[in-house]
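# Reading the structure
Listed below, chain by chain, are the residues.
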Amino acid sequence: MLHAEDAILLPPGGRVIRGRDSIQAFLTSPGDVTTADVRYLDLQVSGADSLAYVVARYEYAVLRGADTARVQGPYAAVWKRHPTEGWQIQVMSWH
């Protein structure tokens, strides 16, 4: 699994989403928009032992009907190495 069981997601808008199942539901919820062409730019990765972090800029296309818009902003994630499940996202945020 990409996200830890007790992961925290901090999406734009000030909402806090806790737990793998809630995060999965949020990220896959159907809506009237589709995202495409996701890119991470100026990627920086660092860490030690069982913690690592990723800082980047993101950009992607938002498709709504016949309209397309580009969205971009900062992204950060903290990854934790779990003993039995390997590396997983513990905290993720983008704005």
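Shown above is the structure to which this text applies.
Below is a short write-up of the structure. (Residues numbered from 1 in each chain as written. Predicted model: local features only at pLDDT ≥ 70, side-chain atom pairs only at ≥ 80, totals over all residues. Heavy atoms only, no water.)

### Let's talk about the environment of Leu 41
For the record, the criterion: Numbering of helices and strands runs from the N terminus, with a helix taken as a DSSP run of H or I at least four residues long and a strand as a DSSP run of E at least two residues long. Categorising residues by exposure relies on relative accessible area from a 1.4 Å probe, with only protein chains included: less than 20% of the type maximum marks a residue as buried, more than 50% marks it as exposed, and the intermediate range marks it as partly exposed. Here a residue-residue contact requires only that any non-hydrogen atoms of the pair lie within 4.5 Å.
Its place among the elements puts Leu 41 in strand β3 (residues 34-48). Residue class for Leu 41 comes out partly exposed when judged on its relative accessible area of 26%. In this structure the C-alpha to C-alpha distance between Leu 41 and Leu 10, which are 31 residues apart in sequence, comes to 20 Å. Setting aside residues no more than four positions away along its own chain, Leu 41 makes contact with Ala 56, Arg 57 and Glu 59.

### Section: the packing of aromatic side chains
What counts, and what does not: A pair of Phe, Tyr and Trp rings is counted when the ring centres sit within 6.5 Å of each other, with Trp represented by its six-membered ring. The angle between the planes then sorts it: under 30 degrees is stacked, over 60 is edge-to-face, the rest tilted.
Under the definition given, this model contains two aromatic pairs. Plain terms: the ring middles of Tyr 58 and Tyr 60 are 5.7 Å apart, the flat faces sit at 20 degrees to each other, and that makes the pair stacked. Residue Tyr 58 shares its accessibility class with Tyr 60, and that shared class is buried.

Keep in mind that these numbers describe shape and distance, not what the molecule does.
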